[in-house]
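Each chain is listed here by its residues.
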Amino acid sequence: MESADILPLINAYHRRLASTTLLFKRYLFNTINWNVRLIGIMGARGAGKTTLLLQHIKETFKNPDDTLWVSLDNLWFQNHSLLELVDYLYAHGMTTIFFDEVHKYPNWIQFIKNLYDSYPDLNIVYTGSSMLEIDNSKTDLSRRQSLYMLPVMSFREYLAYIGVLHLQPLKLEDLLKNHVSIAMDIVQKTKILKHFHDYLEHGCYPFFKEAGTDYLMRLAATAQLVIDTDMPAVEKVTYATLEKTKKLLGIIAQSVPLVPNISKLGSALESTRDSTIRMIYTLDKAQILMLLTRELKSYKHLVAPEKIYLNNTNLMAAFSTPVNEGNMRETFFMNQVQQVGTVQMPKNGDFLVNGKYLFEVGGPYKTFEQIKDEPDSYLVIDNIEMGTGNRIPLWLFGLLY
């Protein structure tokens, strides 16, 4: 291989790096241990994984050509192998390489393992779909790598991204205990409810800035792309299964939160119960859906969920669902809180968090009637700037990560 052969990859890398700014970084940026030899970053399409890699390169390497970022869905790989590329780069002294969209490369797990074992001083950082499952029985990457998951932007991150407020993440226990003083400090600085309502419609994915008025249309297209291109790259699925998955998403999107009758869903899809549940969990792993279950959710033991939500409020807007306020509130609460704790379906109330805290979510006139005798119970109230006692403003739960 000659240096001219990789020029298309270098040019693509330079263009992307030149357009990357350091003004705003996702919260995960400062959480990652960048000194580990093998790092995996998984997450939904559009969450900012690529930008995160390029920001690290820009901040770390004085000479950008001491490393290379490459997207593995680049057409260059139609005529060249990844091993060719790595051999060439390593022979020329490069010891850190960044691979984007790793799930688009055949047998990527085995390949990454072989690179790790064959080049003892090679550092690899890769990104991939949140649907990726690493089967440790076949290829043990778990003891070799540090793996991170990047969810959608929190409300706290959105406030920083638009330049309104820069706040530190709250711990859940601190929020529950000190919410009045925390809210009092914030509402003196900005009209928080206005920003909160904006976030609910368009603040979950960083690309809303560049997309402008096309944002919701592009977000809907991104969700379709996950099914059409990421699913086949990650799992062995037939065309018929892809079509059924799209139909399933359409059914759920029009009736969220769905209390599912799996048998009826299966009949509508002309699919078995097990296949229907697998499709639902695949969309959950893709961060298109959220599943509320009574027992702790497990991808090894798939149980029928009690409720199915779209993953976030922006997806609700993108799929033109009848935007029910109650559903919007519950979707926001679960989406934000599940990043810092476990969320289950309780006997009473809406959500049980970390097996201890019980939450009922509602509007300004919501009362404790449904959870009045429950310990560690709280009302989460929308459309209020500040709460009192165990009545906590909904927007505050967007400051957890």
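See the structure printed just above.
Since this is a predicted model, take the numbers as computed values, not measurements.

(A) Molecular detail of the overall build of the protein. Helix and strand counts for the protein come out as 14 helices and 12 strands. Computed over C-alpha atoms, the radius of gyration of the protein comes to 22 Å, within 12% of the 21 Å expected from 2.2 N^0.38 for 401 residues, which places it in the range of a compact globule. With the C-alpha coordinates aligned to their principal axes, the bounding extent of the protein is approximately 70 × 55 × 40 Å. Per-residue burial over the protein gives 54% buried out of 401 residues. Relative to all contacts within the protein whose residues are 6 or more apart in sequence, the contacts with residues 24 or more apart total 66%. With the model as given, the accessible surface of the protein reaches about 18,300 Å², and the carbon-plus-sulfur share is 50%. Distance from the positive charge centre (40 side chains) to the negative charge centre (42 side chains) of the protein: 2 Å.

(B) Representation of the layout of surface pockets. Roughly 990 Å³ of internal volume is contained in the largest pocket. What lines the largest pocket is a set of 31 residues, among which Arg 16, Gly 48, Thr 51, Phe 207 and Glu 210 lie closest to the centre. Among the elements of the structure, α2 (49–60), β2 (68–71), α8 (208–211) and α9 (215–234) are those that each provide at least two residues to the lining of the largest pocket. Looking at the lining of the largest pocket residue by residue, the classes come out as 9 nonpolar, 11 polar and 11 charged.

(C) Region of the structure containing the nonpolar core. Membership of the largest hydrophobic core comes to 87 residues, with the highest contact counts inside it found for Phe 155, Phe 333, Trp 395 and Phe 397. For Phe 397, the contacting residues outside a window of four places in its chain are Leu 172, Leu 175, Leu 176, Phe 332, Phe 333, Gln 336, Val 337, Phe 359, Val 380 and Ile 392. Counting 51 residues, the second-largest nonpolar core is a separate cluster that includes Ile 32, Phe 61, Trp 69 and Ile 112.

(D) The sheet that holds strand β3 (residues 96–100), seen in detail. Ordered in space as β2-β3-β4-β1-β5, the 5 strands form an open sheet in which the pairing is parallel. Looking at the sheet topology across the chains shown, the edges are occupied by β2 and β5 (146–150). The average angle at which neighbouring strand axes cross in this sheet is 15°, direction not considered. Bridge count for strand β1 (residues 38–43) against strand β4 (residues 123–129) is 6 bridges, and the pairing is parallel. Along β4, the bridge assignment pairs Ile 41 with Thr 127.

(E) Spatial organisation of the packing of α9 against helix α10 (residues 239–253). For the pair α9 and α10, interaxial distance at closest approach is 10 Å and the crossing angle is 150°. Viewed along their axes, α9 and α10 adopt a mutual orientation that is roughly antiparallel. Here α9 runs over α10; the crossing is right-handed. Along the contact surface, α9 presents Gln 224, Ile 227, Asp 228, Met 231 and Pro 232, while α10 presents Leu 242, Thr 245, Lys 246 and Leu 249.

The rules behind these values
Residue numbers run consecutively from 1 along every chain, following the written order of its sequence. Reporting of local features is limited, given that this is a predicted model, to residues whose pLDDT is at least 70; pairs of side-chain atoms are given and counted only at 80 or more, and all residues count toward the totals for whole chains, interfaces and linings. Only hydrogens and water are set aside; all other atoms, that is, all heavy atoms of the structure, feed into the side-chain values. A run of H or I in DSSP becomes a helix once it reaches four residues, and a run of E becomes a strand once it reaches two; helices and strands are each numbered from the N terminus. Using C-alpha atoms as the atom set, the radius of gyration is obtained and then compared with a globule rule of 2.2 Å times the number of residues to the power 0.38. Burial classes follow relative accessibility: with a 1.4 Å probe on protein chains only, a residue under 20% of its type's maximum area counts as buried, one over 50% as exposed, and anything between as partly exposed. The contact criterion used throughout is that any non-hydrogen atoms of two residues lie within 4.5 Å. Working definition of accessibility: Shrake-Rupley area with a 1.4 Å probe, residue cover restricted to the visible protein chains. Counting rule for charge: Lys and Arg are taken as positive, Asp and Glu as negative, and neither His nor the chain ends is counted. Where a charge lies is defined by one atom per residue type, namely NZ (Lys), CZ (Arg), CG (Asp) and CD (Glu). Computed over the protein atoms alone on a 1 Å grid, cavities are sets of points where a 1.4 Å probe fits but cannot get out and pockets are open sets with protein on both sides within 12 Å along at least five of seven lines; a residue lines them when it has an atom within 4 Å of a point. Grid points are joined across faces, edges and corners, and a volume is the space filled by probe spheres set on the points. Three classes are used, and their members are as follows: Ala, Val, Leu, Ile, Met, Phe, Trp, Tyr, Cys and Pro are nonpolar, Asp, Glu, Lys and Arg are charged, and the others, Gly among them, are polar. Note on terminology: a nonpolar core comprises buried Ala, Val, Leu, Ile, Met, Phe, Trp, Tyr and Cys residues joined through side-chain atoms within 4.5 Å. Pairing between two strands is assigned when DSSP locates at least 2 bridges connecting them. Axes here refer to lines fitted to C-alpha atoms; in helices the fit is confined to the stretch in contact. Angles between the N-to-C directions go from 0 to 180 degrees. Should an angle fall under 35 degrees it is called roughly parallel, over 145 degrees roughly antiparallel, and 65 to 115 degrees roughly perpendicular, with every other angle called oblique. Crossings are assigned a handedness: left-handed for a near helix turned anticlockwise from the far helix by less than a right angle, right-handed for a clockwise turn.

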